[in-house]
Amino acid sequence: MGESVKIRYKGKVIDLPVEEGVMGEKGIDISTLRKSTGMITIDPGFVNTGSCKSAITYVNGEEGILLYRGIPIEQLAEKSTFLETAYLLIYGNLPNKKEFDEFQNQIIHHTMIHESAKAFYDGFPPNAHPMAVCSAVVGALATFYHDSLDVRNKRHIEISIHRLIAKLPTIAAFSYKKSIGQPFIYPCNMLDYCTNFLHMMFSVPCEVYPISSVISKALDVLLILHADHEQNCSTSTVRLVGSSMCNLFASVSAGIYALWGPLHGGANQQVIEMLQTIYDGGGDVKKYINKAKDKDDPFRLMGFGHRVYKNFDPRSRIIKKICDDVLNKLGIHEPLLQIALKLEEIALKDEYFLERKLYPNVDFYSGIIYKAMNIPINMFPVLFAIGRMPGWIAQWKELQEDKEFKIGRPRQIYVGPPKTDYVPIEERDG
Ligand code: SDX
């Protein structure tokens with residue numbers, strides 16, 4: 001019998017088993033709590049609540065550690081590629097050459113979307129936010145692929161995986177082209193994943209956009225860094241939708257919407273807008289640090305803070321290095337980077353931030369690199385979604401294969417009116 005905790009309530013003592021993870025983290029298994037006490041737990045935002053056991057990603061927020069299937073993010077960023085990391089996350093191991101070539105070949109040959117799907121873009125206004133467009137078109141893939149909606153059919157899941165990883169860059173680039181009134185650029189199967197995306201974003205029928213290898217390599221590393229992050233808001237959304245045995249397209253479509261929120265993946269767009277505001281206002285960094293600390297001011301230092309990391313986000317350290325590297329290689333002097341560095345320098349000496357363990361997170365520097373790549377600001381969260389796609393898929397697949405699979409259905413404590421009777425309208429006040 002392993003460790004357990006005892007709850008004493010109204011003279012009754014119950015034992016709750018303690019689960020221990022591979023890295024020593026512990027959780028109290030409360031799956032028998034309501035049956036044995038009639039009570040539930042309450043934990044707004046699930047700050048203290050684990051939703052599942054997972055073998056995909058490990059984050060140690062106190063020490064700033066991030067592992068994908070046990071491999072440190074620093075090693076994957078240096079030595080792997082996004083598609084290889086996607087395979088690792090989804091299938092649980094680094095692929096051998098045959099496995100990788102087959103996976104990559106499947107992705108390459110699913111990059112086009114159904115010609116009828118292009119009509120969706122005519123219905124969106126030109127100023128539609130690309131996250132709304134991407135979620136809508138990804139969700140609509142379920143209307144085309146009736147051959148891959150059965151979540152208990154391994155073949156259906158396999159082809160959905162290939163379609164989603166392959167098609168999101170195409171869907172995203174098409175949303176950008178539509179917004180600027182340029183014709184869609186089809187994927188080119190001769191190009192690698194990131195170069196192909198940049199080609200679809202920036203080439204035009206009359207000339208091919210010369211893509212710098214510095215940019216496509218930097219983008220590949222950024223996608224690796226965004227690929228998964230345990231049970232974050234959007235991944236938990238994908239799992240919850242998938243827990244009703246809903247297909248992968250619909251589950252990921254919901255995840256894209258959750259990621260769009262400014263507190264989550266939408267923060268990378270908010271960071272650049274914040275830096276631009278500070279720059280346009282004369283660069284008074286201290287004024288914004290004080291605004292962030294002011295309880296009466298809704299302003300938050302976007303790109304700072306994290307639910308789990310109470311130390312540096314290891315991804316932020318790597319992205320900061322890529323930022324320096326890309327700007328130097330492209331010969332770009334980016335004033336917003338200077339503002340960001342100043343903000344970080346001041347915040348990390350300030351008691352308010354130190355006390356609350358608020359450090360730069362994955363979104364703080366990424367937008368500066370995207371800006372250097374000429375990616376439009378409203379597309380920044382879309383790049384986060386392209387990166388997070390393999391993580392969403394891996395987590396959804398793990399859920400479907402989980403022997404403890406259950407539909408997600410949290411409980412609540414009711415705080416509404418006590419039982420009351422219906423009042424006919426003629427007897428109501430007013
Ligand atoms: C992502 O979960 C993941 O793994 C997410 C992610 C992933 O890979 O999937 O890492 C990606 O979403 C990164 C986070 C991007 N969001 C932002 O950068 C938005 C700005 N940061 C926050 O709003 C906030 O830090 C959160 C949302 C990230 C975390 O919020 P929590 O854990 O609910 O913490 P909290 O809001 O309760 O804050 C604790 C305290 C509060 O002050 P007190 O009530 O104790 O006085 O810290 C303060 C907050 O006011 N605080 C901030 C702040 N973040 C927290 N104060 C100023 N600026 C900030 N950025």
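Whatever comes next refers back to the structure up there.
Parameters and conventions
Residues numbered from 1 in each chain as written. Predicted model: local features only at pLDDT ≥ 70, side-chain atom pairs only at ≥ 80, totals over all residues. Heavy atoms only, no water. Patch = residues over 30% accessible without salt bridge, like charges linked within 9 Å, V, L, I, M, F, W, Y side chains within 5 Å. Areas by Shrake-Rupley, 256 points an atom, 1.4 Å probe, with all protein chains shown as cover. Salt bridge = Lys/Arg side-chain N within 4 Å of Asp/Glu carboxyl O. Helix = DSSP H or I, 4+ residues; strand = E, 2+ residues; numbered from the N terminus. Buried < 20%, exposed > 50% of the residue type's maximum accessible area, 1.4 Å probe, protein only. Near = heavy atom within 4 Å. Polar contact = N/O pair within 3.5 Å; in protein donor to acceptor, adjacent residues only side chain to side chain. Nonpolar A, V, L, I, M, F, W, Y, C, P; charged D, E, K, R; others polar. Pairing = 2+ DSSP bridges. Axes fitted to C-alpha atoms, helices over the stretch in contact; angles between N-to-C directions. Phe/Tyr/Trp six-rings, centres within 6.5 Å; stacked < 30°, edge-to-face > 60°. Parallel < 35°, antiparallel > 145°, perpendicular 65-115°, else oblique. Contact = heavy atoms within 4.5 Å. Core = buried A, V, L, I, M, F, W, Y, C linked by side-chain atoms within 4.5 Å.

Quick look at a nonpolar patch on the surface now. Side chains of Ile-42, Ile-413 and Val-415 sit close together on the surface and give an oily, nonpolar patch of about 340 Å² of accessible area. Relative to the assigned elements, Ile-42 resides in the loop between helix H1 (33–37) and strand S4 (57–60). The class for Ile-42 is exposed, based on a relative accessible area of 53%.

So, about the site of the ligand. In the vicinity of the ligand lie 24 residues, with His-229, Arg-300, His-306, Arg-307 and Arg-315 positioned nearest. Residue Lys-295 places a side-chain N or O atom 2.9 Å away from an oxygen atom belonging to the ligand. Within the side chain of Arg-388, a nitrogen or oxygen atom sits 2.8 Å from an oxygen atom of the ligand. Tallied by class, the residues present in the shell around the ligand amount to ten nonpolar, seven polar and seven charged.

Take the sheet that holds strand S5 (residues 65–68) next. Taken in spatial order, the three strands line up as S4-S5-S6 in an open sheet, and their pairing is antiparallel. The open sheet terminates on both sides in strands that have one partner only, identified here as S4 and strand S6 (71–72). With two bridges joining them, S5 and S6 adopt antiparallel strand pairing. Residue pairing in the sheet places Leu-67 in a bridge with Pro-72 of S6.

What follows covers the sheet that holds strand S2 (residues 12–20). Taken in spatial order, the three strands make up an open sheet running S1-S2-S3, and their pairing is antiparallel. Looking at the sheet topology across the chains shown, the edges are occupied by strand S1 (4–9) and strand S3 (26–28). Neighbour-to-neighbour, the strand axes of this sheet turn through a mean angle of 30°, independent of strand direction. Pairing analysis gives six bridges linking S1 to S2, with the strands arranged antiparallel. Counted as the bridge partner of Val-5 is Leu-16 from S2.

Let us now look at the packing of aromatic side chains. Applying the stated criterion across every chain, the model contains 22 aromatic pairs. With a centroid separation of 6.1 Å and 70° between ring planes, the pair formed by Tyr-121 and Phe-174 is classed as edge-to-face. Taken together, the positions of Tyr-121 in helix H5 (residues 118–123) and Phe-174 in helix H7 (residues 154–179) put the pair 53 residues apart, joining distant regions of the chain. Judged by relative accessible area, which is 1%, Tyr-121 ranks as buried.

This next bit is on the packing of helix H12 (residues 267–280) against helix H17 (residues 363–372). At a minimum axis distance of 8 Å, the contact between H12 and H17 shows a crossing angle of 75°. Taken as axis vectors, H12 and H17 run roughly perpendicular relative to one another. In this structure, H12 uses Ala-267, Asn-268, Val-271, Ile-272, Met-274, Leu-275 and Gln-276 to contact H17, whose residues at the interface are Asp-363, Phe-364, Ser-366, Gly-367, Ile-368, Tyr-370 and Lys-371. Of the residues in the contact of H12 with H17, the class split is eight nonpolar, four polar and two charged.

Before going further, it helps to examine the pattern of salt bridges. Oppositely charged side chains are able to pair whenever their charged atoms sit close together. Counting across every chain of the model gives 18 salt bridges. Here Asp-15 makes a salt bridge to Lys-6, at a shortest N to O gap of 3.0 Å. Residue classification places Lys-6 among the exposed positions, given a relative accessible area of 58%. Among the salt bridges present, the one from Glu-19 reaches Lys-53, with a minimum N-O distance of 3.4 Å. Taken together, the positions of Glu-19 in strand S2 and Lys-53 in the loop between H1 and S4 put the pair 34 residues apart, joining distant regions of the chain. Sharing partners across several salt bridges, the network here consists of Glu-19, Lys-53 and Glu-404.

Within the largest apolar cluster, 117 residues are counted, with the highest numbers of intra-cluster contacts made by Ile-165, Phe-197, Met-274, Leu-275, Leu-301, Leu-343 and Ile-375. Every residue in contact with Leu-301, bar those within four places of it in the chain, is listed here: Met-274, Ile-289, Ala-292, Leu-343, Ala-347 and Phe-353.

Turning our attention to the pairing of S2. On a regular strand, each side chain points to the face opposite its neighbour's, so the side chains alternate between the two faces of the sheet. The turn linking S1 back onto S2 is made up of two residues, and Lys-10 within it adopts a positive phi angle of 50°. As defined by bridge partners, S2 adjoins S3 across three bridges and the pair is classed as antiparallel. Note that in S3 the partner of Val-18 across the bridge is Ile-28. Hairpin remark: S2 followed by S3, antiparallel, with five residues in the connecting loop; positive phi at Gly-24, about 90°.

Our focus in this paragraph is unusual backbone geometry. In the Ramachandran plot, Lys-357 falls in the positive-phi region, its phi being about 55° despite a non-glycine side chain. Within the element layout of this structure, Lys-357 appears in the loop between helix H16 (351–355) and H17. In this structure, Asn-374 takes a positive phi of about 65° despite not being glycine. Mapping Asn-374 onto the fold places it in the loop between H17 and helix H18 (380–401).

What follows is about the environment of Lys-217. For Lys-217, the position within the fold is in helix H9 (residues 213–225). A residue is classified by how much of its surface remains accessible, and Lys-217, at 43% relative accessible area, is partly exposed. Expressed as a C-alpha distance, the spacing of Lys-217 and Val-326, which sit 109 residues apart in the sequence, is 9.8 Å. With residues up to four places along the chain from it excluded, the contact list for Lys-217 reads Ala-77 and Ser-80.

It is worth spelling out the pairing of S5 at this point. Where S4 lies against S5, four bridges are found, and the strand directions are antiparallel. Bridge assignment links Tyr-58 to a residue of S5, and that residue is Leu-67. Hairpin remark: S4 followed by S5, antiparallel, with four residues in the connecting loop; positive phi at Gly-64, about 65°. The loop that links S5 with its antiparallel partner S6 comprises two residues; one of these, Arg-69, has a positive phi angle of about 50°.

The analysis is restricted to geometry; functional conclusions fall outside its scope.
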